[in-house]
Amino acid sequence: MTDITRPLILVVEDNLVEAMNVKNALIQAGMQVLGIAKTESELYALVDKCVPDLILMDIDLGGSDSGIGIAKSITERFKVPIVFSTSYCDDTTISNALSISPYGYLVKPYGVLSLTTTIQVALERKKTEKALASSNRRFAMASEIAKLGVLEVDTSTQSVVIESVENLFDFPRKMPLSKFLSLFPEEKEVELKEAIHLKSNYLTTLQLKIEGQPTKWFQVVLSDIGWGEDYVQIGAIQDISILQSTQSNLSVADKIVSEIKEGVLVCDAEGLIIKANQSLCEMLGTQAEHLISTHINNVFPKARKHDPRPDYLEDGLRTELTIVSEGRRFHLTMSVTSFNLDDGETNFVAILTDVSELKSSESQLKYLAFTDALTGAGNRNFLNSIVETYSESCEPCSIIFIDIDEFKLINDTHGHEVGDEILRACASRFKASLRDDDTVIRFGGDEFVIVTSTTCQKLLNKMTSRLSSSLKSVFKTTSGDFQVTASIGLASSTENMSPTELLKNADIAMFSAKQGGKNSVVTFSEDLSKNIEYRLFIQQGLKSAIQNKQITAYFQPIIDSNGEVLAVEALARWHIPSHGPISPEKFIPIAERTKHIHDIGLLMLDEVCFALKALSGWGFSDVKFNLNMSPVQLQNTGVIELFAERFAFHNIDPRRIVIEITESTLQSSKAREVLTKIKALGVIISIDDFGTGFSCISELADETYDAIKIDRSLLPDFPLQSKQQKRRALIIENVVSMCVKLGMPCTLEGLETVQQVAFAKKIGAKAMQGYYFTKPLSLVGLMEYLQAEHASPLVSVTAPTEGQ
């Protein structure tokens, strides 16, 4: 149940962490929080259920939602006070925000004291405005509804008769005198009896409480006039409930005006002050009697002769004022409300709030709002301000987007303190590498942005070269020395290009540099943008592709030197009906980054188990199945139980499964640990793409690995004419020979020609794979191939059925 004694606040904020901090601060300050809304629809859903006393509104909600636009709509509909919170202090944002007359403006980051003080001031201001407006309305109504009833006291019949032109009273038309007297308090009853006995004038107030109805107040008047041999005494009765309530409320309102910390003054239609409270007098350093009958323009003079002066006598006016009193400068905000008196005259109430402390710290707030606390570089707010300035002036500019390579590894291994040391040093080196007019921004995490007015490609190349060179010397930290590189993206503005688009282009270029091997510089082009769109198309389609089983296993046989099938490698293939095939080189890296690789790995494992059982049923019980595993899968210890569970579910022998891992996987100690436990299930471990990347001959001595597959990139071109091709052939021949001596199976992949196959057999390769034998096939295609090339005449091959 809502506690009506505690203010009810609605928080509108799209950043959940900030919203929760604000909510906790408000609750600790004794307020209630109606809820947290991230969007306009959530806001209206909450307000429709319960209108809050105040809304704390974030100006920038992300996407298409604008806090200013939403606030305008909500105030017009519900008349709820709005306090804005924002990270932006630019003139445009402030002007737009003030256009809807907010009750407060908080600049992020702000403290709990600023938050609660601003909200309490706004609530008190609204309360005062509401109380004054309510009092004025009730006072006007009380003046209009002054209708009297005639009261007749007949002592001969001991009765009271009330005649009224309308049924305004809760009395019966006629009642016994004793009942009428019993309505009054004891002391007044005695006085009333005496006045009736003496037929004298009498005036009193009657408070009447009737169950189920509000309390009524009546003014009762007895005169000394009578008739009927003076047995009947004439009087009057008037319902003064509204007047009584109005007087009570006016008394409360006057008390509020007297005690409130805000300055309050009341002007007539000509601008002459007719009332001022003590708080305003203290602000101005004067006495109330010195202000009465003074024109408001003389109280708030212009700072300079030619400064424009607002029209203070304007209903709804909100403006800022600066006054100097007793050597102290006061910064005030003024809100003006008009009200009409019974005689048709208009008065104005002005409420003034002292915001001097906020103004005095404005420069510090701007510094905090635009500066990254860790590095001293500009922050994203400052970036928005700088780029917006270029945009408004239509001047060209360029953005250099920098991402520190493998920075997460430093943080994870040595802690954030060491990472912070490196980030501070990076910011310092970047500043030293640039001109004074260039701006260094810490965009977030390990990302920096440089904004420069230079658009000449030659000069920009020199800048990016200096930035890269600045990182070449080692970074000395409390945990030792580190070598750091960066991926750099570069984009320049063109005519009518928005700041958001320019930043996006630089980000795309940086991402391309990172994807291209890192430690490089890439300049944006439209081709890069198309590549990013294609990657986004793949990323968004992966989940549905897995659910709809558009990603399936294709199988490529591995053949021994006698032409028999030793094993079959399962390869993931994705075909979109409306688009066609998607290359594994495109979707596998994205699946690894989005963690969809775990679902694809499970899908492939199930298809391998199904195919293995199918081949066993058709007479190929000795054929093994090779299954590729991503380094990302091996970072998850849960994959061990997953493999064991699937082997048991499908009831297959794990010794017929060969797990192929790339050499880069060997660099992770966690991956090695997981791989060792998977091997303990009985599977065979093979190093794929041996001879590239992180090649290391010493890995062949590790008992974890049972086999290798030599990467196709080492295959020479035939005939062997150049020295390089001969060297390639010699390297492969010696690796194969070494594997034979170690008793380690070695597969030569990528064989496509007769010469390559002849070479493989000549050097003693025991396992071969490639398009020379067959391209990857569906399970049905694989069986057709095996029936045609390798099946015994006694084996009958049919297409598999679901669940077989």
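Analysis parameters
- Per chain, the residues get numbers from 1 upward, laid out in the order the sequence is written.
- With pLDDT at 70 or above as the cut-off, local features in this predicted model cover only qualifying residues; side-chain atom pairs require 80 or more to be listed or tallied, and sums for whole chains, interfaces and linings still use all residues.
- Working from all heavy atoms in the structure, the side-chain values ignore hydrogens and water.
- Secondary structure elements are taken from DSSP: a helix is a run of H or I of four residues or more, a strand is a run of E of two residues or more, and numbering for both begins at the N terminus.
- Relative accessibility decides the category of a residue: with a 1.4 Å probe and only protein chains considered, values under 20% of the type maximum give buried, values over 50% give exposed, and everything between is partly exposed.
- By definition in these notes, contact holds between two residues if any of their heavy atoms fall within 4.5 Å.
- Each accessible area is a Shrake-Rupley result for a 1.4 Å probe, and residues are judged covered by the shown protein chains and nothing else.
- Salt-bridge detection follows one rule: a side-chain nitrogen of Lys or Arg within 4 Å of a carboxyl oxygen of Asp or Glu.
- By the convention used here, strands pair only if DSSP detects at least 2 bridges between them.
- The axes are straight lines fitted to the C-alpha atoms, using for helices just the contacting stretch, and the angles between their N-to-C directions are given from 0 to 180°.
- Expected span, for any helix, means 1.5 Å times one less than how many residues it has.
- Polar contact criterion, stated in full: a pair of N or O atoms within 3.5 Å, where within protein one must be able to donate a hydrogen and the other to accept it, and residues adjacent in sequence count only if both atoms are side-chain atoms.
- Only rings of Phe, Tyr and Trp enter the pairing, Trp through its six-membered ring, and a pair is recorded when the two centres are within 6.5 Å. The plane angle decides the type: under 30 degrees is stacked, over 60 is edge-to-face, the rest tilted.
- Charge-over-ring placement is defined geometrically: NZ (Lys) or CZ (Arg) within 6 Å of the ring centre, and within 35 degrees of the ring normal.
- Taking the helix axis as origin, the arc is that swept by the directions to the C-beta atoms.
- Definition of nonpolar core: a set of buried residues of the types Ala, Val, Leu, Ile, Met, Phe, Trp, Tyr and Cys, connected through side-chain atoms within 4.5 Å.
- Here the term patch refers to residues with relative accessible area over 30% and no salt bridge, with like charges joined within 9 Å and nonpolar side chains (Val, Leu, Ile, Met, Phe, Trp, Tyr) within 5 Å.
- Note that His is not counted, nor are the chain ends; the positive residues are Lys and Arg, and the negative ones are Asp and Glu.
- In this description, the location of a charge corresponds to atom NZ of lysine, CZ of arginine, CG of aspartate or CD of glutamate.
- For classification, angles of less than 35 degrees are called roughly parallel, those exceeding 145 degrees roughly antiparallel, those between 65 and 115 degrees roughly perpendicular, and all remaining angles oblique.
- Confidence of the predictor at the level of single residues is given by pLDDT, which spans 0 to 100.

### Concerning the overall build of the protein chain
Regarding its fold elements, the protein chain presents 26 helices and 32 strands. The buried share of the protein chain, reckoned over its 804 residues, is 44%. Taking as baseline every contact in the protein chain between residues at least 6 positions apart, the subset at least 24 positions apart corresponds to 59%. For the protein chain, the computed accessible surface area is about 41,600 Å², with 51% contributed by carbon and sulfur atoms.

### Brief notes about the pattern of salt bridges
Counted by the stated rule, this structure contains 21 salt bridges. Residue Glu 189 pairs with Lys 193 through a salt bridge whose shortest N-O separation is 3.8 Å. With Glu 189 and Lys 193 both in helix α7 (residues 186-198) and 4 residues apart, the pair spans about one turn of that helix. Judged by its relative accessible area of 44%, Lys 193 is partly exposed. We note a salt bridge from Lys 408 to Asp 412, for which the minimum N-O separation is 2.7 Å.

### Describing the sheet that holds strand β3 (residues 54-58)
Pairing is parallel in the open sheet, where 5 strands are placed in the order β2-β1-β3-β4-β5. Two strands in the sheet have a free side with no partner beyond their single neighbour: β2 (32-37) and β5 (104-107). Strand-to-strand twist of the sheet, defined as the mean angle between neighbouring strand axes without regard to direction, takes the value 20°. For β3 and strand β4 (residues 82-86), the ladder comprises 4 bridges, and the chain directions are parallel. From the neighbouring strand, Leu 56 faces β4, where its bridge partner is Val 83. Each of β1 (8-12), β2 and β3 is contacted by helix α1 (residues 16-28), which is oriented at about 170° to β2, the strand it contacts most.

### Quick look at helix α14 (residues 380-393)
With 14 residues, α14 extends 20 Å from end C-alpha to end C-alpha; this agrees with the ideal 20 Å at 1.5 Å per step. Residues of α14 that are buried: Asn 381, Leu 383, Ile 386, Val 387 and Tyr 390. Two to three positions downstream of the cap, the backbone nitrogen of Asn 381 sits 3.2 Å from a side-chain oxygen, assigning the N-cap of α14 to Asn 379. Taken from the residues just after α14, Cys 394 is the one with a positive phi, measuring 60°.

### A closer look at unusual backbone geometry
Cis geometry is found at the peptide bond from Lys 108 to Pro 109, where omega equals -5°. Put simply, Phe 718 and Pro 719 share a cis peptide bond, and its omega is 0°. If you check the backbone angles, Ser 293 has positive phi at about 75° while not being a glycine. You can see Ser 293 is positioned in the loop between α10 (288-291) and α11 (296-299). Take Ser 293: its relative accessible area is 56%, and that puts it in the exposed class.

### Side note on the sheet that holds strand β19 (residues 447-452)
Strand order in the open sheet formed by 5 strands is β18-β19-β17-β22-β23, with mixed pairing between adjacent strands. The sheet is open, and its two borders are formed by β18 (439-444) and β23 (521-523), each paired with just one other strand. Between one strand axis and the next, the sheet turns by 20° as a mean value, whatever way the strands run. Pairing analysis gives 7 bridges linking strand β17 (residues 398-404) to strand β22 (residues 486-492), with the strands arranged antiparallel.

### Digging into the packing of aromatic side chains
Here the structure, examined in full by the defined rule, presents 8 aromatic pairs. Between Phe 180 and Phe 184, the aromatic rings sit 5.3 Å apart at their centres with planes inclined by 70°, giving edge-to-face as the arrangement. Of the two residues, Phe 180 and Phe 184, both sit in the buried class. Ring centres of Phe 555 and Phe 625 lie 5.8 Å apart, and the angle between their planes is 90°; this geometry places the pair in the edge-to-face category. Of this pair, Phe 555 sits in strand β24 (residues 551-560) while Phe 625 sits in strand β27 (residues 624-628); the two residues are 70 residues apart in sequence, bridging distant segments of the chain. Stacked on the ring of Phe 475, the Lys or Arg Arg 429 has its end atom at 3.6 Å from the ring centre.

### Considering helix α17 (residues 457-469)
Side chains three or four residues apart in an α-helix point the same way, a direct result of the helix having 3.6 residues per turn. Compared with an ideal rise of 1.5 Å per residue, which puts 13 residues at 18 Å, α17 spans 18 Å between its outermost C-alpha atoms and is within 8% of the ideal. When we look at burial in α17, the residues that qualify are Leu 460, Met 463, Thr 464 and Leu 467. Projected down its long axis, α17 carries its buried residues within an arc of 95°, all on one side. Residues of α17 that are buried in the fold lie against β17, α16 (416-433), β19, β22 and β23.

### With respect to the nonpolar core
Formed by 80 residues in total, the largest nonpolar core has its most connected members in Ile 551, Leu 615 and Ile 708. No other element matches the 11 residues that helix α21 (residues 597-617) contributes to this core. Within the second largest apolar cluster, 27 residues are counted, among which are Phe 430, Leu 434, Leu 471 and Phe 475.

### Topic: a negative patch on the surface
Together, Glu 270, Asp 342, Asp 343 and Glu 345 line one region of the surface with negative charge. Overall, the relative accessible area of 43% leaves Asp 342 in the partly exposed class.

### A closer look at the pairing of β18
Consecutive side chains along a regular strand alternate between the two faces of the sheet. Along β18, 5 of the 6 residues are buried, which leaves the element largely enclosed by surrounding structure. Strand direction decides the pairing type here: β18 and β19, joined by 5 bridges, are antiparallel. When the sheet's bridge partners are listed, Gly 444 is paired in β19 with Glu 447. Counted between consecutive antiparallel strands, the loop separating β18 from β19 contains 2 residues, among which Gly 445 sits at a positive phi close to 60°.

### Some remarks on the packing of helix α15 (residues 407-414) against α16
Running from N to C, α15 and α16 cross one another at 140°; their axes reach a closest spacing of 7 Å. Overall, the two elements α15 and α16 adopt an arrangement that is oblique. Taking contact as the criterion, the partners of Phe 407, Ile 410, Asn 411 and His 414 in α15 are, on α16, His 416, Val 418, Gly 419, Ile 422 and Leu 423.

### Remarks on the side chain of Ser 223
Its place among the elements puts Ser 223 in strand β10 (residues 216-227). Relative accessible area serves as the criterion here: at 16%, Ser 223 is assigned to the buried category. Polar contacts involving the side chain of Ser 223 include one to the main-chain carbonyl oxygen of Ile 234, which spans 2.7 Å.

### Quick notes on the environment of Glu 395
Note on placement: Glu 395 falls in the loop between α14 and β17. Overall, the relative accessible area of 45% leaves Glu 395 in the partly exposed class.

### A word on the confidence of the model for the protein chain
Looking at the protein chain as a whole, the pLDDT averages 82, with 87% of positions reaching at least 70. Here residues 139-146 is modelled with pLDDT under 50, and outside its nearest four sequence neighbours on either side it reaches 11 contacts, counting other chains as well. Predicted confidence is poor over residues 792-804, with pLDDT under 50, and the contacts of this stretch with residues over four places away or in other chains come to 16 contacts.

### Re the environment of Thr 322
Inspection of the secondary structure puts Thr 322 in strand β14 (residues 318-325). For Thr 322, a relative accessible area of 39% translates into the label partly exposed. For Thr 322 and Asp 354, which are 32 residues apart along the polypeptide, the C-alpha to C-alpha distance reads 9.8 Å. Apart from the residues lying within four places of it in its own chain, the contact partners of Thr 322 are Arg 329, Phe 330 and His 331.

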